[in-house]
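Fold and geometry: a report
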Amino acid sequence: MAFSRLRRHTEREQKRRITLGIIGIIAVLAFIALFGLRILIGFSVLVDRIRGGGTQEPTISESLLLPPVLDPLPEATPSMQMTVRGSGQSGATAILYVNGGESKKTVVTQDGSFVFSDVKFEEGINTVSAKQKDDKDTLSDLSNVLTVRVKRTPPVIELTQPQENAVVSGDSNILNIAGKTEENATVSVNGRFVVVRSNGEFSYDYPLSDGDNTLMIVATDIAGNQTTIERHAKRE
């Protein structure tokens, strides 16, 4: 029985020591959180005084120059020239880069905007980005990078049916128009939208009017270039 009492006493003593240890750790952490930064600042000031630097607090010598932001451009265009707009720091010099090379410079206006007119592109994929430089020659990081495709050739369209001067008779007035065009192009028949599959194929049942009909099948690519095929059909 005496051994049991001794063991319980020892366990209580260990719990008390653990509790006191945890309280001590919390107190130390709280002290560091509340006074640690002040102590470090005071120590830094003391060392600075010993070195003869005075009590002047450090200041930021240069302001951060953020990169400019370019406005979105169309995904594709048939034009070899385009206007590029964006925003930056008033009074800074905006520098435009096309395909990695410096293209143009302009001053950012008071309202924080800039415009590059008649920016020249190459046929195919072009990358557009910008930086800006302040009066201290501080150069910003690169802006958002835009991609624009210059496409000047009209889309290819192959019409498998109908043949020219097709004739529809009987109870039905439907004429099937089918063919294939290039990827991402759209197709219309006399202004009516036609569904184009992912492989460029399309098929559309067009209702003919009685008598002669003129069909304008138009393919339009992502740059706005168009190819038009004209067909004539008759409903008897």
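**Some remarks on the sheet that holds strand E8 (residues 146-150)**
In a beta sheet, neighbouring strands are held together by backbone hydrogen bonds and run either parallel or antiparallel to one another. Taken together, five strands build an open sheet; the order of strands is E2-E8-E7-E4-E5 and the sheet is mixed. Looking at strand neighbours, the two that pair on one side only are strand E2 (76-77) and strand E5 (101-107), the edges of this open sheet. Where strand E7 (residues 124-133) and E8 come together, five bridges link them in antiparallel fashion. The residue of E8 that forms the bridge with Thr127 is Thr147.

**Considering the side chain of Asn126**
Within the secondary structure layout, Asn126 lies in strand E7. There is a polar contact of 3.0 Å between the side chain of Asn126 and the side chain of Asn99. When sequence neighbours within four positions are dropped, the list of residues in contact with Asn126 reads Val98, Asn99, Phe121, Leu146, Thr147, Val148 and Val150.

**Re the environment of Ala94**
Within the secondary structure layout, Ala94 lies in strand E4 (residues 93-98). Residue class for Ala94 comes out buried when judged on its relative accessible area of 0%. Sequence-wise, Ala94 and Leu139 are 45 residues apart; in three dimensions their C-alpha atoms are separated by 9.9 Å. Ala94 has contacts with Lys104, Lys105, Thr106, Val108, Phe114, Phe116, Lys131 and Gln132, leaving out every residue within four places of it along the chain.

**Some thoughts on the sheet that holds strand E10 (residues 166-168)**
In spatial order, the strands read E10-E16-E15-E12-E13; together these five strands make up an open sheet with mixed pairing. Both edges of this open sheet fall to E10 and strand E13 (192-194), since each of them pairs with a single strand only. Taken pair by pair, the neighbouring strands of this sheet meet at an average axis angle of 30 degrees, ignoring direction. Where E10 meets strand E16 (residues 226-235), three bridges bridge the pair, whose relative direction is parallel. Bridge pairing in E16 places Val168 opposite Arg235.

**Focus: unusual backbone geometry**
Geometrically, the link from Gln161 to Pro162 is a cis peptide bond, its omega value of 10 degrees lying close to zero. Among the secondary structure elements, Pro162 is positioned in the loop between strand E9 (157-161) and E10. The phi dihedral of Asn184 is positive, around 70 degrees, even though this residue is not glycine. Inspection of the secondary structure assignment puts Asn184 in the loop between strand E11 (174-181) and strand E12 (186-189).

**Things to note about the packing of aromatic side chains**
Per the counting criterion, the structure on display carries two aromatic pairs. Taking the centre distance of 5.5 Å and the plane angle of 65 degrees together, the rings of Phe114 and Phe116 count as edge-to-face. Look at Phe114 and you get buried, because its relative accessible area is 2%. Measuring from centroid to centroid gives 6.5 Å for Tyr204 and Tyr206, while their planes differ by 50 degrees, and the two rings are tilted. We classify Tyr204 as buried; its relative accessible area is 19%.

Basis of the calculations
Residues numbered from 1 in each chain as written. Predicted model: local features only at pLDDT ≥ 70, side-chain atom pairs only at ≥ 80, totals over all residues. Heavy atoms only, no water. Pairing = 2+ DSSP bridges. Helix = DSSP H or I, 4+ residues; strand = E, 2+ residues; numbered from the N terminus. Polar contact = N/O pair within 3.5 Å; in protein donor to acceptor, adjacent residues only side chain to side chain. Contact = heavy atoms within 4.5 Å. Buried < 20%, exposed > 50% of the residue type's maximum accessible area, 1.4 Å probe, protein only. Axes fitted to C-alpha atoms, helices over the stretch in contact; angles between N-to-C directions. Phe/Tyr/Trp six-rings, centres within 6.5 Å; stacked < 30°, edge-to-face > 60°.

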